[in-house]
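These are the residues of each chain, in order.
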Amino acid sequence: LTRGSLFSSMPGIAKSSVQVNDFTIDYLPNGQVSQFYSDLSVVNPNGQEVSRKTISVNVPLRAGGVTMYQTDWALSSLQVAVQKPGAGEDSPSTEQTYVLPMASLEGKGGFQGRIWGTYLPVDFDGDQRQGISLVARDFQSVAIYDSKGAFAGVRRPESKKPIVVDGLKLVLGDVKGSTGLELKTDPGVPLVYAGFAGLMVTSFLSLLSHSQVWAIQEESSVVIGGKTNRAKEEFRSELDEVLNSIPEYVD
């Protein structure tokens with residue numbers, strides 16, 4: 001957190017750090033994302049946890065004048081176990097696990113919507129310009145394309161079901177996600193809310209009707225007048241009814 005102006009002040013909790021303990025996503029029956037959650041901890045400079053809460057959209061964590069919102073999510077990396085065939089009949093195949101970083105492809109190459117992709121070279125020791133593309137829109141499934149761009153299949157992460165692409169046997173592992181957080185602090189919010197509350201009260205008071213009536217005695221007659229801030233025709237009728245109900249005395 002940084003100061004936005006010379007008149008702003010830093011909250012005391014700004015010296016603490018925010019730790020993401022876990023990040024999870026709930027899905028609807030049709031496979032679309034329903035809600036995403038971040039388990040956050042606020043840790044002070046001494047390493048002590050001072051606050052902890054699982055936040056979601058519209059359910060922030062507030063600590064020390066700082067509000068932490070859940071605003072976004074993304075796919076961060078994909079774990080892939082690659083089994084390479086041996087050089088000859090007598091040489092055994094080798095298997096190695098890679099953690100591939102995933103990048104957003106939204107708006108690139110004709111892709112529409114939120115989508116992420118990564119790349120696995122076919123030849124790890126030689127030309128790495130040809131490889132296998134892995135594309136995903138969420139944590140539930142990954143589409144696989146060979147080095148020529150042909151669709152090879154779909155696999156669920158951690159399903160342990162292998163797929164052979166360009167002579168390589170692939171087994172998809174865990175998909176890591178990243179959470180998007182927004183931290184805000186605004187000590188002037190209570191003053192703004194108080195101003196709105198006062199405005200609402202005065203607005204309601206302005207709707208109330210109030211009237212004033214005067215009477216002046218001049219010798220043997222009495223002159224009566226009045227005014228009101230609202231419903232002037234109704235006030236005139238009401239005043240006439242009151243005056244008509246007063247008996248007249250003739251000396």
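Further up the page is the structure itself.
Since we're looking at a predicted model, the values are computed, not measured. (Residues numbered from 1 in each chain as written. Predicted model: local features only at pLDDT ≥ 70, side-chain atom pairs only at ≥ 80, totals over all residues. Heavy atoms only, no water.)

Caption draft 1: The sheet that holds strand β3 (residues 49-55), seen in detail. The antiparallel open sheet is built from 3 strands, whose spatial order is β1-β2-β3. In the strand order of this sheet, the two ends are held by β1 (17-27) and β3, each with one partner. For this sheet the average axis-to-axis angle between neighbouring strands, irrespective of direction, equals 10°. Examined bridge by bridge, β1 and strand β2 (residues 33-43) share 10 bridges and lie antiparallel to one another. Across the sheet, the residue bridging to Y27 is V33, located in β2. (Pairing = 2+ DSSP bridges. Helix = DSSP H or I, 4+ residues; strand = E, 2+ residues; numbered from the N terminus. Axes fitted to C-alpha atoms, helices over the stretch in contact; angles between N-to-C directions.)

Caption draft 2: Focus on the sheet that holds strand β11 (residues 151-155). The 5 strands lie next to each other as β7-β8-β9-β10-β11, forming an open sheet whose pairing is antiparallel. Bordering the open sheet on either side are β7 (103-104) and β11, each of which pairs with just one other strand.

Caption draft 3: Summary view of the pattern of salt bridges. Applying the stated rule across the entire model yields 4 salt bridges. Its salt-bridge partner being K176, residue D174 comes within 3.2 Å of it at the nearest N-O pair. Look at D174 and you get partly exposed, because its relative accessible area is 25%. Where K184 meets E182, a salt bridge forms, and the shortest distance between an N and an O atom there is 3.4 Å. A relative accessible area of 45% places K184 in the partly exposed class. (Salt bridge = Lys/Arg side-chain N within 4 Å of Asp/Glu carboxyl O. Buried < 20%, exposed > 50% of the residue type's maximum accessible area, 1.4 Å probe, protein only.)

Caption draft 4: Spatial organisation of the nonpolar core. Counting residues in each nonpolar core, the largest one holds 25 residues, and the members touching the most others are L78, V80, L120, L134 and L170. Elements represented by at least two residues in this core include exactly β1, β5 (66-84), β6 (94-101), β8 (116-121), β9 (131-136), β10 (142-145), β12 (163-165) and β13 (168-184). Element by element, the count of residues in this core is highest for β5, at 6 residues. When neighbours within four sequence positions are excluded, L134 is seen to be in contact with L78, V80, L100, M102, W116, G117, T118, L120, V142, A143, I144 and L172. In this structure, L40, V42, V66 and M68 belong to the second largest nonpolar core, which totals 8 residues. (Core = buried A, V, L, I, M, F, W, Y, C linked by side-chain atoms within 4.5 Å. Contact = heavy atoms within 4.5 Å.)

Caption draft 5: Local environment of the environment of S206. Within the element layout of this structure, S206 appears in helix α1 (residues 189-206). Considered as a pair, S206 and R230 are 24 residues apart in the sequence and their alpha carbons are 9.8 Å apart.

Caption draft 6: Here's a closer look at the pairing of β2. With respect to burial, β2 is a largely interior element, 8 of its 11 residues being buried. Summarising the sheet, β2 and β3 pair through 6 bridges and their orientation is antiparallel. By the bridge assignment for β3, V42 is matched with S51. Between β2 and β3, which follow one another and run antiparallel, lie 5 residues, and G47 among them has a positive phi close to 85°.

Caption draft 7: A look at the packing of aromatic side chains. Counting across every chain of the model gives 5 aromatic pairs. Arranged with centres 5.5 Å apart and planes meeting at 65°, the rings of Y145 and F151 form a pair that is edge-to-face. An aromatic cluster is present here, built from F23, F36, W73, W116 and F139 joined pairwise through their rings. Against the face of W73 rests R114, its NZ or CZ located 5.0 Å from the ring centre. (Phe/Tyr/Trp six-rings, centres within 6.5 Å; stacked < 30°, edge-to-face > 60°. Lys NZ or Arg CZ within 6 Å of the ring centre and 35° of its normal.)

Caption draft 8: Focus on the environment of Y119. Along the chain, Y119 turns up in strand β8. A relative accessible area of 33% means that Y119 is categorised as partly exposed. For the pair Y119 and I132, spaced 13 residues apart in sequence, the C-alpha separation works out to 5.8 Å. Among the polar contacts listed, one links the side chain of Y119 to the backbone nitrogen of Q130, at a separation of 3.1 Å. (Polar contact = N/O pair within 3.5 Å; in protein donor to acceptor, adjacent residues only side chain to side chain.)

Caption draft 9: Here's a closer look at unusual backbone geometry. With phi around 75°, N58 is a residue other than glycine that occupies positive phi space. Turning to its location among the elements, N58 is positioned in the loop between β3 and β4 (61-63). Classification of N58 as exposed rests on a relative accessible area of 74%. Backbone geometry at E158 places phi at a positive 65°, although glycine is not the residue there. Residue placement: E158 occurs in the loop between β11 and β12.

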